[in-house]
Amino acid sequence: ARMGHGKALCVVQPGTVTETVKCLKEIVDAGCVVLPQGSNTGLTGGSVPRNDTPDTRPAVVLSMKRLDTHFPIDDGHRVVCLAGCGISTLATSIQSWFPDRESHSILGSTFLNPTTAAGVAFGSGGVYVRKGPARTDRALYCKVSRNKWGENVVTVVNTLGIKGLEDADFLEHTELDAAGGLDKYANDVREGFHRPMIKSSDSEHGHAKASDSNYQNAVCECTRDVSRYNADTTGEDCNRSEGKVVILATVHDTFPAPEKKRVFWVAFPDMETTLAFRREVCLDNPEDLPISCEYLDRDSVDIIDRSGRIATYMIRYLGMGDIMGALWGVKQGIEALPFSWAPLFCDKMMHTFNNWLPEAIPGKFMAAGKGWDHHCMVAVGEFGDGTLDRFMERMDAFVKKHNDKVIADEKNADRQTVSVVEADSPYEITALNAFRFVAALAFKTYCVGEDIQGISVDYALPKNGGLAPPLAPSAATPLRRMRYSHFGCNVVHEDIAYALGVDTHEEKMSFKHNVEDEGGKLPAEHGHGTEYHAPESSQKRWMNMDPLNVLNPGVGGLSTLPKYGK
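Residues numbered from 1 in each chain as written. Predicted model: local features only at pLDDT ≥ 70, side-chain atom pairs only at ≥ 80, totals over all residues. Heavy atoms only, no water.

**A closer look at the pattern of salt bridges**
No. 1: Overall, the coordinates contain 33 salt bridges when judged by the stated rule.
No. 2: Taking the shortest distance from any N to any O, the salt bridge between Lys331 and Glu335 comes out at 2.6 Å. One end of the pair, Lys331, and the other, Glu335, are both in helix H9 (residues 322–335), four residues apart, so they sit about a helical turn from each other.
No. 3: For Lys331, a relative accessible area of 14% translates into the label buried.
No. 4: Measuring nitrogen to oxygen at the nearest pair gives 2.2 Å for the salt bridge that ties Arg481 to Glu494. One end of the pair, Arg481, is in strand S16 (residues 480–486); the other, Glu494, is in strand S17 (residues 491–498), and 13 residues separate them in sequence. The pair formed by Arg481 and Glu494 is uniform in burial state, with each residue classed as buried.
No. 5: Salt bridges linked by common partners bring Arg298, Asp299, Asp302, Asp305, Arg309, Lys370, Asp373 and Arg480 together as one network. (Salt bridge = Lys/Arg side-chain N within 4 Å of Asp/Glu carboxyl O. Helix = DSSP H or I, 4+ residues; strand = E, 2+ residues; numbered from the N terminus. Buried < 20%, exposed > 50% of the residue type's maximum accessible area, 1.4 Å probe, protein only.)

See below:
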């Protein structure tokens, strides 16, 4: 995990869906609590054992890593993922199976290969404006309760909506159920046996949502509401459940891949102009949304350039799959060594040798990055309906309104209000994507390398807002304020650096209140974990899911005691 640590009684890694259900029953019958865990890449401590609570029950980590089978259904328009399937693995598979389709997440934190199930449990994934956050009402998941005789009961809830895997497809007097049927199909996939592609059923679940299909309309509304946040209580219980159910498998929509794509680095002199670009160009209407629109402020550009070159080059040349995952595991292993220098060693080395490498993005982009204070990396696609041309017309009109020139170059960049620089090759597109998505890693490396400290907060601002929340008058003066966001949905990741000696916990609590005073909600996509106190509506929902408090106790500020101390 990227936050938190603790000791567990053991780590259990089931190899099938049926084994997972049996293991869950054995763990709770033994009087232990269960921490469902995917790739262990969380940022808020949600899947980490907690040893500093009044609860004395042993904790068992239920790792889903071995449940990584995935396969297409409905002629490739949807995909079934067992709970351990990584989003990078899935993206690669869909690209090979159906080159004209994409999975939900093909950028962002994919180099860590977090699981699809974790995305659903947290409502993560904000890079793609046209797709929305991870969400599905079609899943197979477990709940734990107790019957009137005091026996623990593990209930498997089946809303997959797949022909041949509906509960009604299995006779009561047979041992096989939906979990076993899914195991049989998944085993054939693993063994390479070719079976006819299965399809969605005609049941209610077969017609249920497998993505946030209304998101394109919602994100374009100019209201005081936020586009998305972790405390959203809508949808099937698997959504934003944060470990209070055990997700076994999920069904997800795939999406059309663009026929053509253009990527731009657009630089602005102030936040007001940047927000006007968001309103007038990016979110003009639901049909012509860009593929993605990622924001970086000047501090983000400077810190990534100072401490993120090594990580950027590694992603560019090694990709976002297994090799990066293995190297991340090596880094975690070194940081866990029983030496005082171990937790900081890797980041110290990356910071020290960072400037031995050239700038991680081509000079034409870095010139804009250093010359302006606000930046958007915009990817626009053509989907067969003129979307790209209409977007370019709006962007050209916007730039002409602020400049005499439409496209900037290094010679006249200093004479323009808005600078637009296009990526001319897949090489440049890969470089820009890697540069943006090492931001969080670069901030940690920067703080360690400069011997300072920092806080990280993710929050959603109102759709009609976007200005940086003010710091309290009594707040400590930050050394750096690094803001980068999924600009289309106004979900911001903010990293604030302070000198040693500043009470960072106090500063973080103060800043959270300031965000809420501005109409924002937090957290937005990383989950509540042990970092955030969930609102009452979310807490009640989780308590109904897990009345015994045996699944991920303590999440979101809930009690860690059995039955929540009641």
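Back to the text.
**Some points on the sheet that holds strand S9 (residues 246–253)**
No. 1: Pairing in this open sheet of five strands is antiparallel, and the strands run S4-S5-S9-S7-S8 from one edge to the other. Looking along the sheet, the strands with just one partner apiece sit at the ends: strand S4 (70–73) and strand S8 (152–158). When strand polarity is set aside, the average angle formed by the axes of neighbouring strands in this sheet is 20 degrees.
No. 2: By the bridge criterion, four bridges tie strand S7 (residues 139–146) to S9 in an arrangement that is antiparallel. Bridging across to S9, Tyr141 finds its partner in Ile247.
No. 3: Across the face of the sheet, helix H1 (residues 17–29) comes into contact with strand S5 (78–82), S7, S8 and S9 while running at roughly 150 degrees to S8. (Pairing = 2+ DSSP bridges. Axes fitted to C-alpha atoms, helices over the stretch in contact; angles between N-to-C directions. Contact = heavy atoms within 4.5 Å.)

**Re helix H12 (residues 387–402)**
No. 1: Over its 16 residues, H12 runs 23 Å from end to end, which matches the ideal 22 Å to within 8%, given 1.5 Å per residue.
No. 2: Turning to H12, its buried residues number three or more, namely Thr387, Leu388, Phe391, Met392, Arg394, Met395, Phe398 and Val399. Looking down the long axis of H12, one finds its buried residues gathered within 165 degrees of arc, a one-sided arrangement. Facing away from the buried side of H12 by more than 90 degrees, the exposed set consists of Asp389, Glu393, Lys400 and Lys401. (Expected span 1.5 Å × (residues − 1). Arc of directions from axis to C-beta.)

**Some details on the environment of Met482**
No. 1: In this structure, Met482 sits in strand S16.
No. 2: The sequence separation of Met482 and Asp396 amounts to 86 residues, and the corresponding C-alpha distance is 29 Å.
No. 3: When sequence neighbours within four positions are dropped, the list of residues in contact with Met482 reads Asp297, Asp299, Ser300, Ile303, Ile304, Ala439, Phe443, His493, Glu494 and Asp495.

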